[in-house]
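Coordinate inspection notes
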Amino acid sequence: MRFPPTLLDEIRARLPVSQVVGRRVKLKRQGREFSGLSPFKNEKTPSFTVNDQKGFYHCFASGEHGDIFTFLMRAEGLSFPEAVERLADEAGVLLPKSTPQAEAREELNVRLYKVMEAAAVFFQQALHSSAGRDARDYLDRRGLSTDDIANFRLGYAPSGRQALKEHLATQGFAQDDMIASGLLIAGDDIPVSYDRFRNRLIFPITNMRGGVIAFGGRALGADQQPKYLNSPETPLFHKGATLYNAATARKAAHDRGTVIVAEGYMDVIALARAGFPNAVAPLGTALTAEQLALLWRMASEPLLAFDGDTAGRKAAFRAVDTALPLLTPGKSLTFAFLPEGLDPDDLLRSQGREAVAAALEQTQPLVDVLWVREFDANALTTPERRAEFDKRLNTLATSISDEMVRHYYSRELRRRLREQFSGGKQWQGGRASGQGYGQQGGGWQRQQGFQGQQAGSKRGASGGFTGSKRAGFTPPFMSATSSLAESALLRGTAPTLPRREALILQTLINHPWLLDDFAEEVAQLYFEADSLHRLRDSILTVHSEQNPLDKEALNKQLNKQGQENILAQVEHAITHHSDWNTQPDTSHDDVLIGWRHMLALHRKSVELKRELESAEQAYANEQSEDNYLRLRDLKEQILDAEGVQAVVEGYGKVISN
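Description of the structure in this document. (Residues numbered from 1 in each chain as written. Predicted model: local features only at pLDDT ≥ 70, side-chain atom pairs only at ≥ 80, totals over all residues. Heavy atoms only, no water.)

1. Quick look at unusual backbone geometry
Cis geometry is adopted by the peptide bond preceding Pro226, which originates at Gln225 and carries an omega value of -5°. Counting through the fold element by element, Pro226 comes out in the loop between strand 10 (212–219) and strand 11 (228–230). Positioned with a positive phi, Asn199 is a non-glycine residue whose angle comes to about 50°. Among the secondary structure elements, Asn199 is positioned in the loop between strand 8 (190–195) and strand 9 (200–206). Residue Asn245 is not a glycine yet carries a positive backbone phi of 75°. Relative to the helices and strands, Asn245 resides in the loop between strand 11 and helix 10 (246–256). Owing to a relative accessible area of 9%, Asn245 belongs among the buried residues under this scheme. (Helix = DSSP H or I, 4+ residues; strand = E, 2+ residues; numbered from the N terminus. Buried < 20%, exposed > 50% of the residue type's maximum accessible area, 1.4 Å probe, protein only.)

2. Notes on the nonpolar core
Within the largest apolar cluster, 61 residues are counted, with the highest numbers of intra-cluster contacts made by Leu154, Phe215, Tyr244 and Leu360. Here this core takes 10 residues from helix 5 (residues 100–127), the largest share from any one element. When neighbours within four sequence positions are excluded, Leu154 is seen to be in contact with Gln124, Leu127, Leu139, Leu144, Ile149, Ile202, Phe203, Pro204, Tyr244 and Ile269. (Core = buried A, V, L, I, M, F, W, Y, C linked by side-chain atoms within 4.5 Å. Contact = heavy atoms within 4.5 Å.)

3. Digging into the side chain of Ser231
Here Ser231 is to be found in the loop between strand 11 and helix 10. On the basis of relative accessible area, Ser231 is assigned to the buried category, the value being 5%. Within polar-contact distance, the side chain of Ser231 engages the backbone nitrogen of Phe215 at 2.9 Å. (Polar contact = N/O pair within 3.5 Å; in protein donor to acceptor, adjacent residues only side chain to side chain.)

4. Digging into the packing of helix 21 (residues 499–510) against helix 25 (residues 564–571)
Contact geometry for helix 21 and helix 25: axes closest at 9 Å, N-to-C directions at 105°. It follows from the interaxial angle that helix 21 and helix 25 lie roughly perpendicular. Where helix 21 abuts helix 25, its residues Ala502, Leu505, Gln506 and Ile509 lie against Leu567, Val570 and Glu571. Considered class by class, the residues forming the contact of helix 21 with helix 25 number 5 nonpolar, 1 polar and 1 charged. (Axes fitted to C-alpha atoms, helices over the stretch in contact; angles between N-to-C directions. Parallel < 35°, antiparallel > 145°, perpendicular 65-115°, else oblique. Nonpolar A, V, L, I, M, F, W, Y, C, P; charged D, E, K, R; others polar.)

5. Quick word on the sheet that holds strand 11
Two modes of strand pairing occur in sheets, parallel and antiparallel, and in both the strands are linked by backbone hydrogen bonds. Strand order in the open sheet formed by 4 strands is 6-9-10-11, with antiparallel pairing between adjacent strands. Only two strands of the sheet have a single neighbouring strand rather than two, namely strand 6 (155–157) and strand 11. Sheet twist, expressed as the average angle between the axes of neighbouring strands with direction ignored, equals 35°. (Pairing = 2+ DSSP bridges.)

6. What to know about the pattern of salt bridges
Under the counting rule described, the total for this entry stands at 24 salt bridges. With its nearest N and O atoms 3.0 Å apart, the salt bridge here joins Asp67 to Arg12. Here the residue Asp67 occupies a position in the loop between strand 5 (65–66) and helix 3 (68–76), and Arg12 occupies one in helix 1 (residues 5–14), the gap between them amounting to 55 residues. What makes Arg12 partly exposed here is its relative accessible area of 29%. Arg416 serves as the salt-bridge partner of Asp368, at 2.6 Å between the closest nitrogen and oxygen. (Salt bridge = Lys/Arg side-chain N within 4 Å of Asp/Glu carboxyl O.)

Encoded structure:
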């Protein structure tokens, strides 16, 4: 049975290579790749690599190379159809039945690929003919070299109504295939079909494998409309699921760690000329969910580079709305706004490559663009309008599907609200004087006076009502977040570090062998303290680069990175004999028992604090008795959870110095 290339691509898109290979090979992340021992040859030093962004594995020991299908064929002895069937089932992709209709569709696609390639060659040749002089002059005025034209396979569609049609007919292509590919315009009310693209500069559009599936055409006549014309939807081409230059940009995006999204064809070409070959563009419309999925296969945080004018800002805002529900841990967007009135091509020609590079360095995270949009769209001059603003932000945060990302967005937006509406601000024209964001030089910048989270400050969880469950609760109208944040409940024993978080990291420092089995869980742990969050990341990085890893080697590397102070603070968190599992001389089994217990308590505490944050938000929106009682109950649960300790001999006895 033949499997359509589009079906195989869909399976590859849904199943990372590391997921398939990881069931047979123990993989460790190294930068943007994974490595492990070869499954094809006995070895002691890892020489087997997996690259999810490029979609393949490579074994340096044996020379084996391939994708998820070839891996199953090679590792498990499956035939190609068997490998496709198994992976399709895992990916949730329905395989087409082997019917005459399915075979006919596949045969049609093969013919359409051939006719599209022939059309691309025709357009390229026409560009260099006498008829293509105006198109060549236009490209020359835009500063494109012969190499630029060849690299992007630019062409010219002659002005005659049937120039392409007659050329393809002489090569044996059927008119029905020309119509199905979108090259001809035909219909019941059109006696004679004719070329869709006429007197236009042609931009070939390819799929991820580089096969031509559509064309974009820019008008060259002064009165010619529309200015840009794309191929229609065809069996090969679905505009909302395609990005211009994606096949070429994919490798460059992997090498550079990011992909740049521009607004149009010439912007992509200009960025490539400026030294940014990792650029793509949607096809004349706003970014779609399918296009975002393609972008996230290339890079975790694609950079959207838009013009600094009103249209560019609107495009950015639409992208925010599309991306927000789809965000997952590590997958987001960043934005760069060019000087107003200039696109990448204008900027390159007027100010040079350095100006383009400088503009792309002025990036804004998605949350900043979201805040700017909402803040500037609301005149926050009254309590009612501020309440409406608060409610709008809550609605936007709630639209995020991923629970963890939704939690962090809710917390970050509420932090900004607290800072924005704190005392001492003078409200002028719907804005707090000296607060918020504004447009400077075409880009969006944080204005002086609006301070973000301070370096080294706690990544504190949400708070609750003042007082304990025994002493009673502060009336509902008192600030909840600040009171709990200042309480001993969140401060822990150490003055600045949450005690359990410090103990978790001290256990890893004394027993780094835990990372061999728990690295993934450690990477997903939430830490309130920024300093501990950074220390955790450093420990994981050292482990990924050096294995096996012992305590001495880990401490040496962490000290090299300038972590001496935080290491000393973490070590001082051991104050009780109940911390026996953190000690360097504790037995393997005892360490595991204490470790699992600590993780369970930590997860419970984090979950309760997230629920508390949600409850506070509900109470802020509606100060009902039910919401108040829910807050009080969660506060009690948190106090109880913080009081739970391991039932071990010697618990509570302070270690004497």
